[in-house]
Amino acid sequence: VFLVHLKNNELKLRPTTFTNESCYLPPLRHPAVTTLSDCSDGEVVQYLIHGGKTPNNEVSQKLYIISMASNINKKITLCCTEKDLVGDIPEARYGHSINVVHSRGKKAVVIFGGRSYVPFNQRTTEKWNSVVDCQPFIYLIDLQFGCSTMHAIKEIQDGLSFHVSISRNDTVYIIGGHSLENNIRSPNIYKINVDLLLGSPAITCSVLQSHLSFSSSIVTSTCPDEFFIVGGYESDSQKKMTSHKVFVREDDIQIEEAEATDWKGEIKHSKT
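Thresholds, definitions, all that
Residues numbered from 1 in each chain as written. Predicted model: local features only at pLDDT ≥ 70, side-chain atom pairs only at ≥ 80, totals over all residues. Heavy atoms only, no water. Pairing = 2+ DSSP bridges. Helix = DSSP H or I, 4+ residues; strand = E, 2+ residues; numbered from the N terminus. Core = buried A, V, L, I, M, F, W, Y, C linked by side-chain atoms within 4.5 Å. Buried < 20%, exposed > 50% of the residue type's maximum accessible area, 1.4 Å probe, protein only. Contact = heavy atoms within 4.5 Å. Salt bridge = Lys/Arg side-chain N within 4 Å of Asp/Glu carboxyl O. Patch = residues over 30% accessible without salt bridge, like charges linked within 9 Å, V, L, I, M, F, W, Y side chains within 5 Å. Areas by Shrake-Rupley, 256 points an atom, 1.4 Å probe, with all protein chains shown as cover. Lys, Arg positive; Asp, Glu negative; His and termini not counted. Charge placed at Lys NZ, Arg CZ, Asp CG, Glu CD.

Caption draft 1: Region of interest: the sheet that holds strand E5 (residues 44-50). If you trace the 5 strands from one edge of the open sheet to the other, you get E3-E7-E6-E5-E4, paired in mixed fashion. The open sheet is flanked by strand E3 (17-18) and strand E4 (32-37), the only strands paired with a single partner. Relative to strand E6 (residues 63-72), E5 runs antiparallel, the two being bridged by 5 bridges. Paired with Ile-49 across the two strands is Tyr-64, which belongs to E6.

This is how it looks when you write it as structure tokens:
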């Protein structure tokens, strides 16, 4: 794990150390990552990491929480713990998303999408290591107690992987992504609203239309209500060379194409 510092247009990486009490955090490919912020000032207090592929090509179902243990003389020490889950535990997966929503003074973790290996009882010799999209269920996790509940959404019938997700207050927007079963990159935007009612949460989903269809892109926040989407694929052989700005206002989302990026040759012509 490295700390990334951008100063005067120079990117600097600084390695970190973990406390002796930290659990082992394997190098993971395609995990779902999000931040947990202090609502009062927006400062990041923890990082949540779920799933991903391990070095021996197994798929993880673990949820890790990383927090800063100390910051002495600019040397930052991190603490990593594994969160035990109970209830409807999300199956091992990669290429999915994780977000934090806030509702009625409470917060919950939302996990959606991803891929996993074909279950053992369904494997054949020819398709032993085949992957499939996970069922399109919404998982809500109470971080305090580790309780996970599974919710089916009638508006989302197909599995979705390698999408981007944006959360604001009690809403998560699922944008882009690839469906293995249909081999499509849908232009739909799924707006998922989470109402953390006492006893049983209520989840509603609206389907919005977009002119974008892509997968494997990166999304980052440029300010609380504005985001930037870059990279990815428009098809199996066509990279997404355009970048987009996303504006989230109250109950609305808008996407605009950003100023054209002058990509270097190694990016334009590489296969991945």
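Don't stop here, the text continues.
Caption draft 2: Spotlight on the nonpolar core. Core analysis: the biggest nonpolar cluster contains 17 residues, and Val-110, Ile-138, Ile-156, Ile-174, Ile-192, Val-194 and Ile-203 have the highest contact counts within it. Of all the secondary-structure elements, those providing two or more residues to this core are strand E10 (106-112), strand E13 (137-142), strand E16 (171-175), strand E17 (188-195) and strand E18 (202-209). When sequence neighbours within four positions are dropped, the list of residues in contact with Val-110 reads Ser-97, Ile-98, Asn-99, Val-101, Ile-138, Tyr-139, Leu-140, Val-172 and Val-194.

Caption draft 3: Here's a closer look at the environment of Gly-176. Along the chain, the position of Gly-176 falls in the loop between E16 and E17. Remark: the alpha-carbon pair of Gly-176 and Ile-65, spanning 111 residues in sequence, is separated by 27 Å. Dropping the residues within four chain positions of it, Gly-176 is found in contact with Leu-160, His-163, Ser-186, Asn-188 and Phe-214.

Caption draft 4: Molecular detail of the pattern of salt bridges. Counting across every chain of the model gives 8 salt bridges. Salt-bridge contacts for Arg-104 lead to Asp-195; the nearest nitrogen and oxygen are separated by 2.5 Å. Highlighted residues: Arg-104 in the loop between strand E9 (97-103) and E10 and Asp-195 in strand E17, separated in sequence by 91 residues. The partner of Asp-236 in a salt bridge is Arg-185, with the nearest N and O atoms 3.1 Å apart. Linking Asp-236 in the loop between strand E20 (226-230) and strand E21 (244-249) with Arg-185 in the loop between E16 and E17, this pair joins segments that are 51 residues apart in sequence. According to the relative accessible area criterion, Arg-185 is buried, its value standing at 16%.

Caption draft 5: Region of the structure containing a positive patch on the surface. Where like charges cluster on the molecular surface, the positive patch consists of Lys-7, Lys-12, Arg-14 and Lys-74. The topology assignment puts Lys-74 in the loop between E6 and strand E7 (75-83).

Caption draft 6: Just the pairing of strand E14 (residues 147-152), in detail. Summarising the sheet, strand E8 (residues 86-87) and E14 pair through 2 bridges and their orientation is parallel. Bridge pairing links Gly-87 to Ser-148 in E14. For E13 and E14, the ladder comprises 6 bridges, and the chain directions are antiparallel. The partner of Phe-137 across the bridge, within E14, is Ala-152. Turn length for the E13-E14 hairpin, with the two strands adjacent in sequence and antiparallel, is 4 residues, and the turn residue Gly-146 shows positive phi of about 75 degrees.

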